[in-house]
Amino acid sequence: MQREDIMKILPHREQMLLLDDVEETDGMAIGHYTVRGDEFFLQGHFPGHPIVPGVILCEILAQTACVLMQDAMEAGKLPVYTGLNQVKFRAPVHPGDTVETQCRIKRSKHPFYFAEGTVTVDGKCCVSAEFSFAITGA
(Lines give C-alpha, C1' and ligand atoms only; values in the text may rest on other atoms or scores of the structure.)
Protein backbone atom coordinates (compact mmCIF):
# COMPACT_ATOMS: atom_id res chain seq x y z
CA MET A 1 0.00 0.00 0.00
CA GLN A 2 1.09 3.55 -0.71
CA ARG A 3 0.93 6.68 1.50
CA GLU A 4 -2.73 7.39 0.73
CA ASP A 5 -3.70 3.89 1.88
CA ILE A 6 -1.43 4.10 4.93
CA MET A 7 -3.19 7.32 5.99
CA LYS A 8 -6.47 5.39 6.10
CA ILE A 9 -4.96 3.27 8.90
CA LEU A 10 -2.56 5.62 10.70
CA PRO A 11 -3.51 8.98 12.20
CA HIS A 12 -0.06 10.38 11.33
CA ARG A 13 0.27 13.17 8.77
CA GLU A 14 3.08 15.33 7.42
CA GLN A 15 5.68 15.68 8.87
CA MET A 16 5.30 12.58 11.05
CA LEU A 17 4.09 10.07 8.47
CA LEU A 18 7.36 8.20 7.93
CA LEU A 19 6.42 5.45 5.48
CA ASP A 20 6.46 5.64 1.70
CA ASP A 21 4.94 2.19 1.28
CA VAL A 22 4.21 -0.96 3.27
CA GLU A 23 3.06 -4.45 2.45
CA GLU A 24 1.68 -7.21 4.62
CA THR A 25 2.87 -10.72 3.89
CA ASP A 26 2.88 -13.93 5.93
CA GLY A 27 2.00 -12.13 9.18
CA MET A 28 4.78 -9.61 8.66
CA ALA A 29 4.71 -5.96 7.61
CA ILE A 30 7.51 -4.70 5.39
CA GLY A 31 7.82 -0.95 5.03
CA HIS A 32 10.07 1.50 3.20
CA TYR A 33 11.04 5.10 3.73
CA THR A 34 13.61 7.06 1.74
CA VAL A 35 15.35 9.72 3.80
CA ARG A 36 15.21 12.84 1.63
CA GLY A 37 17.52 15.00 3.71
CA ASP A 38 15.12 17.90 4.30
CA GLU A 39 13.23 16.26 7.20
CA PHE A 40 12.76 18.37 10.34
CA PHE A 41 14.63 15.85 12.50
CA LEU A 42 17.82 16.22 10.47
CA GLN A 43 18.06 20.01 10.79
CA GLY A 44 20.11 19.88 13.98
CA HIS A 45 21.13 16.20 14.11
CA PHE A 46 23.99 16.80 13.23
CA PRO A 47 24.92 19.90 11.18
CA GLY A 48 27.37 18.89 8.47
CA HIS A 49 26.88 15.17 9.21
CA PRO A 50 23.13 14.42 9.34
CA ILE A 51 22.12 11.12 10.95
CA VAL A 52 18.53 9.97 11.44
CA PRO A 53 17.88 9.94 15.21
CA GLY A 54 17.34 6.51 16.73
CA VAL A 55 13.98 7.53 18.13
CA ILE A 56 12.80 8.34 14.59
CA LEU A 57 13.91 4.90 13.40
CA CYS A 58 11.88 3.39 16.25
CA GLU A 59 8.90 5.49 15.12
CA ILE A 60 9.23 4.13 11.58
CA LEU A 61 9.15 0.62 13.07
CA ALA A 62 6.03 1.47 15.06
CA GLN A 63 4.24 2.87 12.04
CA THR A 64 5.05 -0.26 10.09
CA ALA A 65 3.73 -2.50 12.86
CA CYS A 66 0.47 -0.55 13.04
CA VAL A 67 -0.45 -1.86 9.61
CA LEU A 68 -0.69 -5.30 11.23
CA MET A 69 -3.17 -3.89 13.77
CA GLN A 70 -5.40 -2.20 11.21
CA ASP A 71 -8.46 -4.26 12.17
CA ALA A 72 -8.25 -2.83 15.70
CA MET A 73 -7.65 0.72 14.46
CA GLU A 74 -11.25 1.86 14.30
CA ALA A 75 -12.19 5.49 13.80
CA GLY A 76 -11.13 7.57 16.76
CA LYS A 77 -8.57 5.03 17.99
CA LEU A 78 -4.88 5.81 18.38
CA PRO A 79 -1.91 3.46 18.67
CA VAL A 80 0.45 4.58 21.43
CA TYR A 81 3.78 3.12 22.43
CA THR A 82 3.74 1.41 25.82
CA GLY A 83 7.27 0.07 25.74
CA LEU A 84 10.55 -0.37 23.91
CA ASN A 85 12.79 -3.27 24.88
CA GLN A 86 16.04 -4.79 23.68
CA VAL A 87 16.64 -1.83 21.36
CA LYS A 88 19.98 -2.10 19.57
CA PHE A 89 21.34 0.63 17.30
CA ARG A 90 23.88 -1.01 15.02
CA ALA A 91 24.52 1.38 12.11
CA PRO A 92 23.63 4.99 11.25
CA VAL A 93 21.05 6.01 8.66
CA HIS A 94 21.83 9.03 6.44
CA PRO A 95 20.04 11.18 3.85
CA GLY A 96 19.62 9.25 0.62
CA ASP A 97 19.26 5.91 2.42
CA THR A 98 16.11 3.86 1.93
CA VAL A 99 15.26 2.04 5.11
CA GLU A 100 13.37 -1.23 5.06
CA THR A 101 11.45 -2.22 8.15
CA GLN A 102 10.24 -5.70 8.97
CA CYS A 103 7.81 -6.14 11.86
CA ARG A 104 5.63 -8.86 13.26
CA ILE A 105 3.19 -9.05 16.14
CA LYS A 106 4.45 -11.61 18.65
CA ARG A 107 1.31 -11.66 20.77
CA SER A 108 -1.70 -9.57 21.62
CA LYS A 109 -4.40 -9.16 24.20
CA HIS A 110 -6.50 -6.26 23.00
CA PRO A 111 -5.88 -3.39 23.54
CA PHE A 112 -2.20 -4.41 23.96
CA TYR A 113 0.03 -5.60 21.13
CA PHE A 114 3.62 -6.86 21.43
CA ALA A 115 5.87 -6.71 18.38
CA GLU A 116 9.43 -7.09 17.18
CA GLY A 117 11.17 -5.59 14.21
CA THR A 118 14.28 -4.50 12.38
CA VAL A 119 15.40 -1.54 10.32
CA THR A 120 17.88 -2.29 7.53
CA VAL A 121 19.60 -0.29 4.81
CA ASP A 122 20.91 -2.28 1.83
CA GLY A 123 20.59 -5.47 3.86
CA LYS A 124 22.62 -4.13 6.80
CA CYS A 125 20.83 -4.11 10.17
CA CYS A 126 20.64 -0.60 11.64
CA VAL A 127 18.12 -1.19 14.47
CA SER A 128 16.48 -4.16 16.12
CA ALA A 129 13.84 -3.87 18.84
CA GLU A 130 10.94 -5.35 20.71
CA PHE A 131 8.09 -2.94 21.39
CA SER A 132 4.50 -2.76 22.58
CA PHE A 133 1.41 -0.65 21.93
CA ALA A 134 -1.98 0.07 23.34
CA ILE A 135 -4.90 1.00 21.11
CA THR A 136 -6.61 3.87 22.91
CA GLY A 137 -9.44 6.31 22.36
CA ALA A 138 -8.48 9.66 20.91
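This section reports on the structure supplied with the text. Each chain has its residues counted from 1, running along the sequence as written. Local features in a predicted model are, by the rule used here, given only for residues with pLDDT of at least 70; side-chain atom pairs are given and counted only at 80 or more, and totals for whole chains, interfaces and linings are based on all residues. Values reported for side chains reflect all heavy atoms of the structure, with hydrogen atoms and water molecules removed beforehand.

## Some words on the overall build of the protein chain
Link 1 in the chain: Counting secondary structure elements, the protein chain contains 2 helices and 6 strands.
Link 2 in the chain: Elements are defined by DSSP. Helices are runs of H or I of four residues or more, strands are runs of E of two residues or more, and each kind is numbered from the N terminus. Along the chain direction, N to C, the helices and strands of the protein chain fall in the order α-β-β-α-β-β-β-β.
Link 3 in the chain: With C-alpha atoms as the basis for the radius of gyration, the globule rule is written as 2.2 Å multiplied by the number of residues raised to the power 0.38. Taken over C-alpha atoms, the radius of gyration comes to 14 Å for the protein chain, in line with the 14 Å a tight globule of 138 residues would show.
Link 4 in the chain: Considering only C-alpha atoms, the protein chain reaches an extent of 45 × 30 × 25 Å along its principal axes.
Link 5 in the chain: Note on contacts: a residue pair qualifies if any of its non-hydrogen atoms lie within 4.5 Å across the two residues. Relative to all contacts within the protein chain whose residues are 6 or more apart in sequence, the contacts with residues 24 or more apart total 61%.
Link 6 in the chain: As displayed, the protein chain has an accessible area near 7,200 Å², and 51% of this comes from carbon and sulfur atoms.
Link 7 in the chain: Charged residues are defined narrowly, with Lys and Arg counted positive, Asp and Glu counted negative, and His plus the chain ends left uncounted. Positions of charges follow a simple convention, taking NZ of Lys, CZ of Arg, CG of Asp or CD of Glu. A distance of 9 Å separates the average location of the 12 positive side-chain charges in the protein chain from that of its 18 negative side-chain charges. Computed with the Shrake-Rupley method and a 1.4 Å probe, the accessible areas treat only the protein chains shown as cover for residues.

## So, the side chain of E59
Link 1 in the chain: Within the secondary structure, E59 sits in helix α2 (residues 54–66).
Link 2 in the chain: We call a residue buried when its accessible area falls under 20% of the maximum for its residue type, exposed when it is over 50%, and partly exposed in between, using a 1.4 Å probe and counting protein chains only. For this analysis, a salt bridge means a side-chain nitrogen from Lys or Arg found within 4 Å of a carboxyl oxygen belonging to Asp or Glu. Buried charge E59 goes without a salt bridge, the closest partner of opposite sign being R13 at 11 Å.
Link 3 in the chain: Among the polar contacts listed, one links the side chain of E59 to the side chain of H12, at a separation of 3.1 Å.
Link 4 in the chain: Setting aside its immediate chain neighbours within four residues, E59 contacts H12, M16, L18 and Y81. As used in this structure description, the phrase polar contact means that two N or O atoms lie within 3.5 Å; if the pair is within protein, one of them must be able to donate a hydrogen and the other to accept it, and residues adjacent in sequence are counted only when both atoms belong to side chains.

## With respect to the pairing of strand β1 (residues 21–25)
Link 1 in the chain: We call two strands paired when DSSP finds no fewer than two bridges between them. One ladder, built from 5 bridges, connects β1 with strand β2 (residues 28–34); its direction is antiparallel. Directly across from D21, in β2, lies its bridge partner H32.
Link 2 in the chain: With antiparallel pairing between neighbouring strands as the criterion, β1 and β2 make up a hairpin whose turn holds 2 residues, including D26 at a positive phi of roughly 50 degrees.

## A word on the pattern of salt bridges
Here the idea is simple: oppositely charged side chains can pair when their charged atoms come close.
Link 1 in the chain: For the structure shown, the criterion picks out 7 salt bridges.
Link 2 in the chain: In this structure, E14 engages R3 in a salt bridge whose closest nitrogen and oxygen atoms are separated by 2.4 Å. A residue pair is termed long-range when its members are at least 10 positions apart, and E14 in the loop between α1 (3–6) and β1 and R3 in helix α1 qualify at 11 residues.
Link 3 in the chain: The shortest N-O distance in the salt bridge between D20 and R3 comes to 3.7 Å. Pair noted here: D20 is in the loop between α1 and β1 and R3 is in helix α1, with a separation of 17 residues, a long-range link.
Link 4 in the chain: A single network of salt bridges, built from pairs that share partners, joins R3, E14 and D20.

## Focus on unusual backbone geometry
Link 1 in the chain: In this structure, the amide linkage connecting E14 to the following residue, Q15, adopts the cis form with an omega of 5 degrees.
Link 2 in the chain: If you trace the backbone, Q15 turns up in the loop between α1 and β1.
Link 3 in the chain: The linkage connecting H45 with the following residue, F46, adopts the cis geometry, with an omega of 0 degrees.
Link 4 in the chain: By secondary structure assignment, the location of F46 is in the loop between β2 and α2.

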